[in-house]
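Here are the chains, one letter per residue:
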Amino acid sequence: MSLPSADELEQLQEIEKQWAVKAMHHAETYFSLLQAMDGSKLKLTKIDDEIYVDFMSTFAPNVPKVDVLDEEKDFKSPEMKEKWRNFINRYEGGKVTDYNFGSLLRVDASKDYSEDNTIFVTRMQFLTIEIARNKAGLNSVHCKRK
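Residues numbered from 1 in each chain as written. Predicted model: local features only at pLDDT ≥ 70, side-chain atom pairs only at ≥ 80, totals over all residues. Heavy atoms only, no water.

Identification of the protein as Polysaccharide biosynthesis domain-containing protein from Linnemannia gamsii is taken from an unreviewed UniProt entry.

Novice: Mind laying out the pairing of strand S1 (residues 102-106), listing which residues take part and the relevant values?
Specialist: Judged by how many residues are buried, S1 sits mostly within the fold: 5 of 5 residues are covered. By the alternation rule, side chains of S1 split into Gly102, Leu104 and Arg106 and Ser103 and Leu105, which are all buried. Pairing geometry for S1 and strand S2 (residues 118-122), over 5 bridges, is antiparallel. Bridge assignment links Ser103 to a residue of S2, and that residue is Val121. (Buried < 20%, exposed > 50% of the residue type's maximum accessible area, 1.4 Å probe, protein only. Helix = DSSP H or I, 4+ residues; strand = E, 2+ residues; numbered from the N terminus. Pairing = 2+ DSSP bridges.)

Novice: Run through the environment of Ser110, naming residues and quoting values.
Specialist: With respect to the helices and strands, the residue Ser110 is situated in the loop between S1 and S2. The exposure class assigned to Ser110 is partly exposed, which follows from its relative accessible area of 43%. Taking the C-alpha atoms as reference points, Ser110 and Asp67, separated by 43 residues in sequence, lie 7.4 Å from one another. Not counting residues within four places of it along the chain, the set of residues in contact with Ser110 comprises Val141 and His142. At 2.7 Å, the side chain of Ser110 forms a polar contact with the side chain of Asp108. (Contact = heavy atoms within 4.5 Å. Polar contact = N/O pair within 3.5 Å; in protein donor to acceptor, adjacent residues only side chain to side chain.)

Structure below.
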């Protein structure tokens, strides 16, 4: 395998920047939505209920505590990596748009996005955790319109 040329590296860096900008824009838009409306009334996909039921059954009895996530335990352990991979792959083929794109996810649902409160996950992981948080009413604290 040959190493990329300087031009190719510059292109890769530009692509990374574009991904980062897109992920940050998505995070800002989502948090603005949470501030504008009660998260428990927010639908993120046409199949929120299906995703939620699938998440709860797939990860039982060790469903991640969605109020405050543990990145290592909830996403990076070998067991959880395998569960997430199988779960995510069920949504390919158009069931969820951009299911494998990168997204920013808040670790602590009670806080805003920040460097210390953000991890990088797939869009499907973001949707799954945020759907669970919305159903549990954990995002309602951010709504400025009561």
